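Coordinates in review
Residues per chain are reported as follows:
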Amino acid sequence: MLPALTPTRPTAGRVAGGAGLLALAAGLTALAGHVPGAVDGPVVVVGIVGLLVIATALVTLHHGRNSGQYLVASTAWATGVLTAGLFPDAQAGPFPLAPLLLAGAELGALAVLLRLLVRARAGSDDPPLVVDALMLGSALATAGWDALARTGHHGPPGWTAATLTVIVVTSVVACCAIALAVEQPRLRVAAAGLTLNAVGTALTALLLGERPAVTAVAVAVAALGGAVGLLALPRDGVVRHGGQAAERAARRLETASLVPGPILLVDLAFLVVDPRADSVLYGLYITVLVTFTVRHAATARSIDRTTAHLTFQALHDDLTGLGNRALLRRALTEPDRATCLVLVELGGLDDVNDVLGVSAGDAVIAAAAGAVADVAAARGGSAFRTSGDELAVVLPGDPAQCLRAAEALLAAVAGAPRQVEGAARFPVTAVAGIAAVPFGGTCGTDGADGAVDAVDAVDVMQPYAQADIALRDAHRRGPGSVSAYSGTVAAEHARRSLLRDRLAAAIADGSVDVHFQPVVSFTTGRVEKLEALARWTDPVLGRISPVEFIAVAEESNLVVALGEHVLRRAVDSAHEAGVFARGVGLAVNVSVVQLQSPGFTDVVVDLLQRSGISPDLLTLEVTESVFLDEDSPAERVVTELAGLGCRIAIDDFGTGYSAFGYLGRLPVHVLKIDRSLTQSLTDDVTGQSIVTCVVDLANRLGLTVVVEGVETEQQAALCRFISAPLGQGWLYSAAVPRERLAEELARVHPVPEPLMASGAA
């Protein structure tokens, strides 16, 4: 909607401007009284009324940002019309003055329209609207001149030039208005008004002094059309269309560009039927050809720009401006020198996104990409963005040389948050993987004759796959690590890939077994609880360490399925062996990923109902990382499980977060002291003090303590001395298969006599 033209308080400047317009009208009228010749009354009246209205609007109305130029255009038109009406027969040398004045009167409207046309396509790859308007205008002017000449209007060269000027200017104004309406359909009323203004002005100039009645109607139509057009034009400018609106506008303009063809064909048909020699007409035809040529050249240039823009978009990342994977593929195709590919993966962005928002995270990525690109350029390389948090760098040199460059890339990434406001407090880390890029056939495969096959027999993205393998190896080493692809790295990756596939199959067919390690009372020597531990012996790979296959499960999202399998197998096996019937509890490790997966609480409820055991006999062991974020989904699930009656144990206590604050606010029942602290019991006084403090704190809070990694009687004696109730370790037993559960439950481990007597009492 157009902003309202509301009344406003007159200012001195506006009053002076309005008075100046009135003085101009009075001066021109007085001057006409001293010049001999007739006056065209209706034209003079329209000019005077126009200046009066403009002066009133200037003084009393509030205007938008573009209203000033509209007022100037209106003033130019009204002044030109008034002057032409006062001096209809005046000459400017060989030229009649009135047509030139009326042509000049349209220049203000032309300037307004040209400015709007330029803004309507500003920043666009489409052809300028001005070119289309000139093409349409040249065709219309040609047809108009030919029609005028065929009606018998002729005159001396001065008349011809003045008349042609009017026809050309008004035709261009009308076609500019039409082009603007095609581009911006909401401006159709304004365009129609300005088109009527141009047509009425042209008729006024052509018929002035010859047909007074028609002239009066024409100038009135011109005045009304100009008023409607300038009032309906947006006083705050036009908005360039985008998306589907721009596509529709382009189609409309393409259709409108077909109109000049039929107009010229009709005119040519008249010229063929009734040929006549007219140098002006031939000149106009040449102008038409020039404008058509310019228009098609502009279209071709627009297509080239659009093609270049789309090509850039297809090969570059929008956020960072770096090349994408398609451009990386080109860079990896047959390099002419020793080259390496370095993959850099950013870490720590989740904290930035969660706290500062995604836009800040994007800014950090852009800053990191810019820093990486600068380091790569300084070493003669190029940078690419291959995924959300992964950058690729192609560098000259062998892997040993690129290893040093990779460290510089990681340092550049670490400094990126300092370039983003508020992000400096969030550490952004990275890891890098390096692989050599084959060139000159050096990485081909041996043929039958011992020669090396051509490079194009090798997948050009093979270095990317190798660098990705090295990147995974760097991940396992920790943030800031760099790994180069080698035979050893490839072999480890192949083993882990095979291990992942075999583990998935083993989980599916239930071949992952569960062993049980007893938790023994330091005072009675009896088994109070059993901890379920996953064990796996593969027919192909043999016995696999739990450390290895659990790490693979966590990397490959198999940990949820593995954890549920171990939980069900452990509860079923313990139930069948009569563990729960003896009042002995069962402890099962639960990962954070399991706690965050939907439906884990339902799995536990189903197990408890199906086995019919008391919930307090089931202990779920979690790591301290569960409690790092307050009100996290994992913490809520732990609270739900405790509400069911299950016991919650903190595993490996003393090696991680170890914030005692959550022990009071969360449903924790058991603390398991890590084996590293147990070893320190007999090594140094500090270790003894730490374990003593933890046990004393747990006893005061009513928590049960389980000391892990008890391997010697000396460690057990120290645990008894500091009043630790339960121990677990090789001193008592390693993990045993389910077939030996009954034997282990019946076993009583030796305890020194005084403690036995005290425990019996």
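The following paragraphs examine the structure supplied in this document. (Residues numbered from 1 in each chain as written. Predicted model: local features only at pLDDT ≥ 70, side-chain atom pairs only at ≥ 80, totals over all residues. Heavy atoms only, no water.)

Describing the overall build of the chain
Scanning the chain for helices and strands turns up 29 helices and 17 strands. The 761 residues of the chain split such that 47% are buried. Within the structure as shown, the chain displays about 35100 Å² of accessible surface, and the carbon and sulfur contribution to it stands at 61%. (Helix = DSSP H or I, 4+ residues; strand = E, 2+ residues; numbered from the N terminus. Buried < 20%, exposed > 50% of the residue type's maximum accessible area, 1.4 Å probe, protein only. Areas by Shrake-Rupley, 256 points an atom, 1.4 Å probe, with all protein chains shown as cover.)

Re the sheet that holds strand E7 (residues 482-484)
Strand pairing in a sheet is mediated by backbone hydrogen bonds. Such pairs are either parallel or antiparallel. Strand order in the open sheet formed by five strands is E4-E5-E3-E6-E7, and the pairing between neighbours is mixed. Each having just a single partner strand, strand E4 (382-387) and E7 make up the two edges of the open sheet. Geometrically, the sheet is characterised by an average inter-axis angle of 20 degrees between neighbouring strands, direction not taken into account. Note that E4 and strand E5 (residues 390-396) share five bridges and pair antiparallel. Bridge pairing in E5 links arginine 385 to leucine 391. Against the sheet, helix H13 (residues 325-332) engages strand E3 (339-347), E4, E5 and strand E6 (429-437), with an angle of about 135 degrees to E4. Running over the sheet, helix H15 (residues 358-378) touches E3, E4 and E5 and is turned about 5 degrees from E5. (Pairing = 2+ DSSP bridges. Axes fitted to C-alpha atoms, helices over the stretch in contact; angles between N-to-C directions. Contact = heavy atoms within 4.5 Å.)

A word on the pairing of strand E15 (residues 704-708)
E15 sits mainly inside the fold: four of its five residues count as buried. In this structure, strand E14 (residues 670-673) lies alongside E15, joined through four bridges in parallel fashion. Bridge pairing in E15 links lysine 672 to valine 706. Bridge count between E15 and strand E16 (residues 726-728): three bridges; the pairing is parallel.

Some thoughts on the environment of proline 42
By the element assignment, proline 42 lies in helix H2 (residues 41-60). Aside from chain neighbours lying at most four places away, what touches proline 42 is Ala216 and Val219.

A closer look at the environment of cysteine 176
You can see cysteine 176 is positioned in helix H7 (residues 157-183). Given a relative accessible area of 1%, cysteine 176 falls into the buried group. Sequence separation between cysteine 176 and methionine 135 is 41 residues, and the spatial gap between their C-alpha atoms is 9.9 Å. The contacts of cysteine 176, once residues within four sequence positions are left out, are Leu110, Leu113, Leu114, Leu117 and Ala133.

Looking at a negative patch on the surface
A contiguous patch of negative charge on the surface is contributed by Asp350, Asp351, Asp354 and Asp389. Relative to the assigned elements, aspartate 354 resides in helix H14 (residues 349-356). Look at aspartate 354 and you get exposed, because its relative accessible area is 65%. (Patch = residues over 30% accessible without salt bridge, like charges linked within 9 Å, V, L, I, M, F, W, Y side chains within 5 Å. Salt bridge = Lys/Arg side-chain N within 4 Å of Asp/Glu carboxyl O. Lys, Arg positive; Asp, Glu negative; His and termini not counted. Charge placed at Lys NZ, Arg CZ, Asp CG, Glu CD.)

Overview of the packing of helix H3 (residues 67-86) against helix H9 (residues 212-232)
With their axes 11 Å apart at the nearest point, H3 and H9 run at an angle of 175 degrees to one another. One element, H3, and the other, H9, form an angle in the roughly antiparallel class. Contact residues: Tyr70, Ser74, Trp77 and Val81 in H3; Val219, Ala222, Ala223 and Leu230 in H9. The residue makeup of the contact of H3 with H9, split by class, is seven nonpolar, one polar and no charged. (Parallel < 35°, antiparallel > 145°, perpendicular 65-115°, else oblique. Nonpolar A, V, L, I, M, F, W, Y, C, P; charged D, E, K, R; others polar.)

Digging into unusual backbone geometry
The phi torsion at asparagine 557 lies on the positive side, around 65 degrees, for a residue other than glycine. Of note, asparagine 557 is situated in the loop between helix H19 (546-555) and helix H20 (559-576). One non-glycine residue, serine 723, lies in the positive phi region at around 70 degrees.

Observations concerning the environment of proline 438
Following the sequence through the fold, proline 438 ends up in the loop between E6 and helix H17 (462-477). The buried category is assigned to proline 438, whose relative accessible area is 9%. Put simply, proline 438 and proline 335 are 103 residues apart on the chain and 7.6 Å apart in space, counted from C-alpha to C-alpha.

Brief notes about the pairing of strand E13 (residues 647-653)
The buried fraction of E13 amounts to five of the seven residues, a majority that puts the element mostly inside the structure. Where strand E12 (residues 618-622) meets E13, four bridges bridge the pair, whose relative direction is parallel. By the bridge assignment for E13, glutamate 621 is matched with alanine 649. With three bridges joining them, E13 and E14 adopt parallel strand pairing. In the sheet register, isoleucine 650 faces E14, and the bridge partner there is leucine 671.

Comments concerning the nonpolar core
For soluble globular proteins, nonpolar side chains are generally found buried alongside one another. Core analysis: the largest hydrophobic core is formed by 74 residues, its most contacted members being Leu530, Leu567, Leu586, Leu595, Leu618 and Leu671. Considering every element that reaches this core, the biggest residue donor is H20, with seven residues. Sequence-distant contacts of leucine 671, defined by excluding residues within four places in its chain, comprise Ile650, Phe653, Leu663, Val694, Ala698, Leu703, Thr704, Val705 and Val706. By size, the runner-up hydrophobic cluster in this structure holds 54 residues, among which are Ala73, Leu113, Ala133 and Leu180. (Core = buried A, V, L, I, M, F, W, Y, C linked by side-chain atoms within 4.5 Å.)

Quick notes on the packing of aromatic side chains
Applying the stated criterion across every chain yields a total of three aromatic pairs. Taking 6.4 Å as the distance between ring centres and 55 degrees as the angle between the ring planes, the aromatic pair formed by phenylalanine 522 and tyrosine 732 counts as tilted. Taken together, the residues phenylalanine 522 in the loop between strand E8 (513-521) and strand E9 (527-538) and tyrosine 732 in the loop between E16 and strand E17 (736-737) connect sequence positions 210 residues apart. With respect to burial, phenylalanine 522 and tyrosine 732 carry one shared label: buried. On the basis of an interplanar angle of 90 degrees and a centroid distance of 5.8 Å, the ring pair of tryptophan 536 and phenylalanine 549 is categorised as edge-to-face. With tryptophan 536 in strand E9 and phenylalanine 549 in helix H19, this pair connects stretches of sequence that are 13 residues apart. (Phe/Tyr/Trp six-rings, centres within 6.5 Å; stacked < 30°, edge-to-face > 60°.)

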